[in-house]
Amino acid sequence: MSFSSPFRLGARSYVFDAPKKALAKAGGLLNCEPQMAVLIVGSVALDSIKTQTEEHPDLLGGSASYAAVSASFFQPVDLVGIVGSDFPQHHLDLFRERQIDLTGLQIVEGKTFRWSGEYEADMNKRRTLHTELNVFETFSPKLPPAYRSASVILLGNIGPELQNHVLDQSERPDFVVADTMDLWITIARPELIKLLGRIDLLVLNDGEARQLTEEENLIKAAKRILDLGPKYVAIKKGEHGCLLLSRTEFFSCGAYPLEEVKDPTGAGDTFAGGFAGYLASLDRSGFNFTDLKRAVVHGTILASFCVESFSLYRLTRLTKGELQDRYSRFRDMSHYEGGTLA
Ligand code: AMP
């Protein structure tokens, strides 16, 4: 896994390698390569979360918040979303500190989107208590000119009509990942089907894959989803990991084993953000299945940190050393020598 240290200049970021840095320090030519930010659109929210043991109001949440912070471990991020005038300044500071560009974040008079949920003892089971759209009700995502040429786009979980609207404004991206949820499958199926014809990879959980396709078997469900347009589908199975499929290839990735999960909120968004951020960091067009498998593992490792705390607390304190260490452990625990069946 490679970690670079990008810095931003306007809407684009630049990364130096060590000799170039030394050259710049020595007063030589400022010779650096532009680094394309990953474009992330989604919700930015204030969440209230209840588990069997703890309850926390007004936490930083939203699909774009989790995804952007996760992706920022690998690549600068251009964020598109909306918040109200009540959105705390320190959350904005947190994004900026992480190379997340906020030119595309609309800050408007009114209240930020709010969501509350409650987990059962089995944390795979969650109930939405309230959804207050607030400023989201009138949200129309608008890409600043510098965002339009993004080559990797993550359409985080928001209505598929808004996701389609983002694609209408972008200029021929190389790879588009979209996330969705049960709500949109129920109330916005035609828009979602339209979106599926325009994206490269759909990320959704097992229940949503079954709901979308009315197919109980996940392999059959994945094939039905591929028939609707995307080249790839990633089906998340909570603590049981994730499946990645194309028409001809298959990858099964376990989840990183954890003894304690504090709050699974945002794990899916964190997974998608890590996936997209890793792909963008490869800094080339055209990704093969091996790239996508690695992206799944990067997303999986980021998500395992997300669930160790409420909100983005653990992710924002995560060091690259800890991330590297867990990546190596996961590789060792998932690997076995080839050979043949005894
Ligand atoms: P996840 O746990 O990955 O499903 O994502 C949870 C996040 O999704 C929370 O932080 C919520 O703020 C956000 N969220 C919940 N419902 C919606 C919705 N209808 N549209 C957009 N974001 C939502």
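Higher on the page you've got the structure.
Residues numbered from 1 in each chain as written. Predicted model: local features only at pLDDT ≥ 70, side-chain atom pairs only at ≥ 80, totals over all residues. Heavy atoms only, no water.

S.K.: Please clarify how the overall build of the protein chain should be interpreted in this entry.
M.R.: Along the protein chain, the regular secondary structure elements total 12 helices and 17 strands. For the protein chain, whose C-alpha radius of gyration is 19 Å, the value lies close to the compact-globule estimate of 20 Å for 342 residues. When burial is assessed residue by residue, the protein chain has 53% of its 342 residues classed as buried. Across the protein chain, the fraction of contacts at a sequence separation of at least 24, relative to all contacts at a separation of at least 6, is 63%. Put simply, the protein chain has 37 plus and 44 minus side-chain charges, and the middle of one group is 4 Å from the middle of the other. (Helix = DSSP H or I, 4+ residues; strand = E, 2+ residues; numbered from the N terminus. Rg over C-alpha atoms; globule rule 2.2 N^0.38 Å. Buried < 20%, exposed > 50% of the residue type's maximum accessible area, 1.4 Å probe, protein only. Contact = heavy atoms within 4.5 Å. Lys, Arg positive; Asp, Glu negative; His and termini not counted. Charge placed at Lys NZ, Arg CZ, Asp CG, Glu CD.)

S.K.: Teacher, can you tell me more about the site of the ligand here?
M.R.: The environment of the ligand is made up of 18 residues, and the closest members are Ser-43, Asp-47, Gly-62, Gly-266 and Asp-269. At 2.8 Å, a side-chain N or O of Arg-126 approaches an oxygen atom of the ligand. Take Gly-266: an N or O atom from its main chain is 2.7 Å from an oxygen atom of the ligand. For the ligand, the protein covers 90% of the area, taking 510 Å² as the surface of the free molecule. For the shell around the ligand, the elements supplying multiple residues, two or more each, are β5 (45-50), α5 (182-187) and α9 (267-281). Sort the elements by how many residues they give to the shell around the ligand and α9 lands first, with 3 residues. Classifying every residue of the shell around the ligand gives 8 nonpolar, 7 polar and 3 charged. (Near = heavy atom within 4 Å. Polar contact = N/O pair within 3.5 Å; in protein donor to acceptor, adjacent residues only side chain to side chain. Areas by Shrake-Rupley, 256 points an atom, 1.4 Å probe, with all protein chains shown as cover. Nonpolar A, V, L, I, M, F, W, Y, C, P; charged D, E, K, R; others polar.)

S.K.: Explanation requested: the state of the cysteines in the structure shown.
M.R.: A covalent bond between the sulfur atoms of two cysteines is referred to as a disulfide. All told, the structure shown has 0 disulfides when counted by the stated rule. Cys-253 takes part in no disulfide bond, and the closest cysteine sulfur, belonging to Cys-242, lies 6.3 Å away. In this structure Cys-253 comes out as buried when scored by relative accessible area, which is 4%. (Disulfide = S-S within 2.5 Å.)

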